[in-house]
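Notes for the structure review
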Amino acid sequence: MKAELLQVRNLRVYYQTAVGPLKAVDDVTFSLKSGERFGLAGESGSGKSTLAFALMRLIKPPGYIEGGQVLLDGGDLTKLSEDEMHKVRLAQIALVPQGAMNSLNPVMRIKDQIIDGIVDHSNEIPRSALEERVPELLERVELGPEVANMFPHELSGGMKQRVCLAIAISLSPRVIIADEPTSALDVVVQRQVMLTLGQVQESLGASVLLVGHDMGLMAQFVDRIGVLYAGKLVEVGSVREVFKEPLHPYTQLLIACLPSLEEKGEFKGIPGLPPLLLNPPSGCVFHPRCPQVMSRCSLEVPSLEEVCPGRWVVCHLYTEVKR
Ligand SMILES: Nc1ncnc2c1ncn2[C@@H]1O[C@H](COP(=O)(O)OP(=O)(O)O)[C@@H](O)[C@H]1O
Ligand code: SF4
Ligand SMILES: [Mg+2]
């Protein structure tokens with residue numbers, strides 16, 4: 001069995017607001033094995049980007065990590081000093097942030113943006129060696145060497161996203177977090193970029209945490225999936241099992257909404273509104289929208305249970321199940 005590379009334990013990330021803390025990530029626990037592809041799926045506002053930033057220790061005020069652990073090879077990233085964390089970023093764990101391709105500097109050539117990214121995290125490599133590394137990195141993300149001298153406006157969306165991926169892998173990280181890496185791209189380009197991400201991951205021997213709202217796309221890429229609802233991870237399992245037999249009523253609705261596994265399917269049409277995180281419903285946060293709600297659901301908070309090996313769910317329908 002593969003070793004667990006990244007373990008997220010009881011992670012809580014809040015935003016301070018005038019009326020109290022907004023629990024954007026609330027007691028989230030999951031792990032990522034070496035070489036594994038794990039998908040984190042959830043509606044907009046469910047806390048995906050907050051979680052991705054927290055793993056990188058990039059949460060800025062009014063956000064803060066309230067508690068929990070992020071263990072990379074057993075060492076807790078939440079305990080590192082800012083200097084220590086700076087060395088870990090990009091070299092060990094890298095993020096392609098949501099909307100990254102729109103934050104490329106419009107007046108800088110691509111090669112300088114890639115080199116700056118590396119220099120920012122490791123100033124031990126001489127400039128000449130960095131210049132040589134650029135075409136090699138571009139090739140890894142299936143871009144030609146001519147892209148090095150181009151500006152962002154000369155590139156298509158898919159090419160820009162590949163540049164962002166090249167920056168993320170420039171120091172050969174062991175964990176690549178990709179936050180909605182293809183959401184701004186059309187379907188054909190999405191598939192191509194995902195194929196490249198897969199190839200890059202395999203050649204580096206890295207693990208990938210893919211964050212997104214497109215269950216169909218995710219199902220084609222990841223090995224295991226976790227479903228986030230209102231800052232809570234409500235179900236975790238292998239993609240095959242979760243799609244074959246979703247356990248949590250929310251996951252059941254999400255999957256029922258998909259046209260088919262092969263087609264692109266986005267979250268849509270689940271009755272009710274996502275809860276306001278500032279004032280979440282009592283008991284199970286999903287209870288106002290749940291078709292299978294029971295009397296205890298608004299009173300008791302369900303806990304994370306492993307209902308069978310590798311299948312985790314947070315729902316009172318399963319709390320009586322003996323392992
Ligand atoms: N800087 C911020 N200040 C206050 N609340 C925030 C901030 N950033 C995000 N949030 C809130 O945190 C929750 C999760 O947001 P986010 O992590 O962006 O979700 P997702 O990526 O799943 O769409 C949302 O309710 C959002 O409004
Ligand atoms: S705990 Fe109750 S309300 Fe929540 S998902 Fe399960 S059945 Fe539905
Ligand atoms: Mg997001």
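Scoring rules and cut-offs
Residues numbered from 1 in each chain as written. Chains lettered and ligands numbered in written order. Predicted model: local features only at pLDDT ≥ 70, side-chain atom pairs only at ≥ 80, totals over all residues. Buried ≥ 20, exposed ≤ 12 C-beta atoms within 10 Å, placed from the backbone. Helix = DSSP H or I, 4+ residues; strand = E, 2+ residues; numbered from the N terminus. Pairing = 2+ DSSP bridges. Near = placed C-beta within 6 Å. Nonpolar A, V, L, I, M, F, W, Y, C, P; charged D, E, K, R; others polar. Axes fitted to C-alpha atoms, helices over the stretch in contact; angles between N-to-C directions. Contact = placed C-beta atoms within 7 Å. Parallel < 35°, antiparallel > 145°, perpendicular 65-115°, else oblique. Left-handed = near helix turned anticlockwise from the far one by under 90°.

1. Comments concerning helix 1 (residues 48–55)
- Helix 1 sits mainly inside the fold: seven of its eight residues count as buried.
- Looking one or two places after helix 1, you find Arg57, whose phi comes out positive at around 55 degrees.

2. Considerations on the pairing of strand 12 (residues 311–314)
- Taken together, the two bridges between strand 10 (residues 232–238) and strand 12 define a ladder with antiparallel strand orientation. Its bridge partner lying in strand 12, Glu235 is registered against Val313.
- Pairing analysis gives four bridges linking strand 11 (residues 304–308) to strand 12, with the strands arranged antiparallel. Looking at the pairing, Glu306 lines up with Trp312 of strand 12.
- Connecting the antiparallel pair strand 11 and strand 12 is a turn made up of two residues, with Gly310 showing a positive phi of about 80 degrees.

3. Digging into the environment of Asp186
- Relative to the elements of secondary structure, Asp186 occurs in the loop between strand 7 (175–179) and helix 6 (187–204).
- Placed 168 residues apart in sequence, Asp186 and Ala18 show a C-alpha to C-alpha distance of 40 Å.

4. Topic: the site of ligand 2
- Taken together, 14 residues form the shell around ligand 2, and within it Cys284, His287, Cys290, Cys297 and Cys315 come nearest.
- Each residue belonging to the shell around ligand 2 can be placed in one class, and the counts come to ten nonpolar, four polar and no charged.

5. Let's talk about the site of ligand 1
- What surrounds ligand 1 is a group of 14 residues, the closest being Tyr15, Ala24, Lys48, Ser49 and Thr50.
- Those elements giving two or more residues to the shell around ligand 1 turn out to be strand 2 (20–33) and helix 1.
- The element contributing the most residues to the shell around ligand 1 is helix 1, with three residues.
- Classifying every residue of the shell around ligand 1 by side-chain character gives five nonpolar, eight polar and one charged.

6. Side note on the sheet that holds strand 8 (residues 207–212)
- Taken together, the eight strands give an open sheet; going across it, the order is 6-7-8-3-9-10-12-11, and neighbouring strands pair in mixed fashion. Pairing within the sheet leaves two strands with one partner each, and these edge strands are strand 6 (93–96) and strand 11. The sheet shows a mean angle of 20 degrees between the axes of neighbouring strands, direction not considered.
- The strands touched by helix 1 are strand 3 (37–41), strand 6, strand 7, strand 8 and strand 9 (224–229); relative to strand 7, the strand with the most contacts, the crossing angle is about 150 degrees.

7. Observations regarding the packing of helix 5 (residues 157–168) against helix 6
- Two elements in contact, helix 5 and helix 6, have axes separated by 10 Å at closest approach and are oriented at 20 degrees. By the angle between their axes, helix 5 is roughly parallel relative to helix 6. Our pair here, helix 5 against helix 6, has a crossing hand that is right-handed. Listed contacts from helix 6 to Gly157, Gly158, Gln161, Arg162 and Leu165 of helix 5 are Val189, Gln192, Val193, Thr196, Leu197 and Val200.
- Looking at the contact of helix 5 with helix 6, its residues break down into five nonpolar, five polar and one charged.

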